[in-house]
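Geometric and topological summary
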Amino acid sequence: MATGMKRKLAAESNTGVKDTYLHKHIKASPSPSRDLVSEIVPPPEEMEPQLQRIAASNRTTFEKKVWTLLCQIPPGQVSTYGLMASHLGSSPRAVGNALRRNPFAPQVPCHRIIATGGTLGGFKGHPSKNGEGITIGEKKSLLRKEGVKIDEKGRVLGTPWSGFVSS
C-alpha cells in the first residue's frame, strides 16, 4: 500500500473519524507513490470532514491551527508562509515546519502556500532549488490544475490571498 495511503488510514484509525468524502472520491493506488495531482481537493465550503480530521488528530495545537487555516484558501488562490505566520502570530519557518508534517494533503491544501517572493517554496518537506526540486513538479501540477498561473521561472503570478479569519 502506498505510504501516503498508510498515513491517511492511520490518521483515520487514530482519530476515529471516517472521512466519507475521501472514501468516495479517492482510490488507493497500487504504486508505491501517490498521484497527488489526480486527487480531488474539496473547496472551502466542503472542508468540514477535513476540519473534523484535523481537530480529532493527536497533533500539536499549532499544527492544527496551521492546517485549519489552509482549509480557508480557495482553489485557484495561493497564500504565503509569511501571511499565515502573521495571522497566527508566529514565524514563516514554524508554518513551513507544520506544513511539511501535514498528513492530510492534498485535501488539506498545503500546496497553496508559497514563498513571499512568489517562488513555490517547498513541498512534502523538500525545499525548492531555483524553482525545481524532487516534488516541486507535483506542487506546480496541483496549482496549475486549480488555475494558478506560474511563469517560466517558477514564480506564481498574481496577488497572494490574505482573507484569513479567526475561528
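Residues numbered from 1 in each chain as written. Predicted model: local features only at pLDDT ≥ 70, side-chain atom pairs only at ≥ 80, totals over all residues. Heavy atoms only, no water.

So, the side chain of Asp151
Position of Asp151 relative to the elements: it lies in the segment after helix H7 (136-145). One polar contact links the side chain of Asp151 to the main-chain amide nitrogen of Lys153, over a distance of 2.8 Å. (Helix = DSSP H or I, 4+ residues; strand = E, 2+ residues; numbered from the N terminus. Polar contact = N/O pair within 3.5 Å; in protein donor to acceptor, adjacent residues only side chain to side chain.)

Some points on the packing of helix H4 (residues 61-70) against helix H6 (residues 92-100)
The N-to-C vectors of H4 and H6 enclose an angle of 85°; their axes lie 9 Å apart at closest approach. Between H4 and H6, the interaxial angle falls into the category roughly perpendicular. The segment H4 lies against H6, with Phe62, Glu63, Val66, Trp67 and Leu70 engaging Ala94, Val95, Ala98 and Leu99. Considered class by class, the residues forming the contact of H4 with H6 number eight nonpolar, no polar and one charged. (Axes fitted to C-alpha atoms, helices over the stretch in contact; angles between N-to-C directions. Parallel < 35°, antiparallel > 145°, perpendicular 65-115°, else oblique. Contact = heavy atoms within 4.5 Å. Nonpolar A, V, L, I, M, F, W, Y, C, P; charged D, E, K, R; others polar.)

Focus: the packing of aromatic side chains
Scanning all chains against the criterion turns up two aromatic pairs. Pairing Trp67 with Phe104 gives two aromatic rings, centres 5.8 Å apart and planes at 85°, and the pair type is edge-to-face. Here Trp67, found in helix H4, pairs with Phe104, found in the loop between H6 and strand S2 (113-114); they are 37 residues apart in sequence, far enough to count as distant. Accessibility classification places Trp67 together with Phe104 in one group, the buried group. An angle of 85° between the planes, with centres 5.0 Å apart, marks the rings of Trp161 and Phe164 as edge-to-face. Given a relative accessible area of 18%, Trp161 falls into the buried group. Residue Phe164 is classed as buried on the basis of its relative accessible area of 11%. (Phe/Tyr/Trp six-rings, centres within 6.5 Å; stacked < 30°, edge-to-face > 60°. Buried < 20%, exposed > 50% of the residue type's maximum accessible area, 1.4 Å probe, protein only.)

Points about the pattern of salt bridges
Following the criterion strictly, the structure yields three salt bridges and no others. Note that Glu63 is salt-bridged to Arg59, the shortest N-O span being 3.4 Å. A residue is classified by how much of its surface remains accessible, and Glu63, at 3% relative accessible area, is buried. Judged by relative accessible area, which is 30%, Arg59 ranks as partly exposed. Salt bridges here are not isolated pairs; linked through shared partners, they connect Arg59, Glu63 and Arg101. (Salt bridge = Lys/Arg side-chain N within 4 Å of Asp/Glu carboxyl O.)

Brief notes about unusual backbone geometry
Residue Ala105 is joined to Pro106 through a cis peptide bond whose omega torsion reads 0°. Mapped onto the elements, Pro106 comes out in the loop between H6 and S2.

Quick word on the nonpolar core
Within the largest apolar cluster, 21 residues are counted, with the highest numbers of intra-cluster contacts made by Leu70, Met84 and Leu99. Looking at this core, the elements that each hand over two or more residues are H4, helix H5 (81-88) and H6. Looking at this core, the element that brings in the most residues is H4, giving four residues. Setting aside chain neighbours within four positions, we find Leu99 in contact with Val66, Trp67, Leu70, Tyr81, Cys110 and Ile113. In terms of nonpolar packing, the next biggest core, distinct from the first, is built from eight residues, Val78, Leu120, Ile136 and Val148 among them. (Core = buried A, V, L, I, M, F, W, Y, C linked by side-chain atoms within 4.5 Å.)

Observations regarding the environment of Pro75
Here Pro75 shows up in the loop between H4 and strand S1 (79-80). Taking the C-alpha atoms as reference points, Pro75 and Glu146, separated by 71 residues in sequence, lie 5.7 Å from one another. In this structure Pro75 touches Pro43, Pro44, Arg112 and Glu146, once residues within four positions along its chain are discounted.

Focus: the confidence of the model for the protein
Looking at the protein as a whole, its pLDDT mean stands at 77, while 68% of the residues score no less than 70. Scored below 50 in pLDDT, residues 1-33 makes 47 contacts in the model with residues more than four places away or belonging to other chains. (pLDDT = per-residue confidence, 0-100.)

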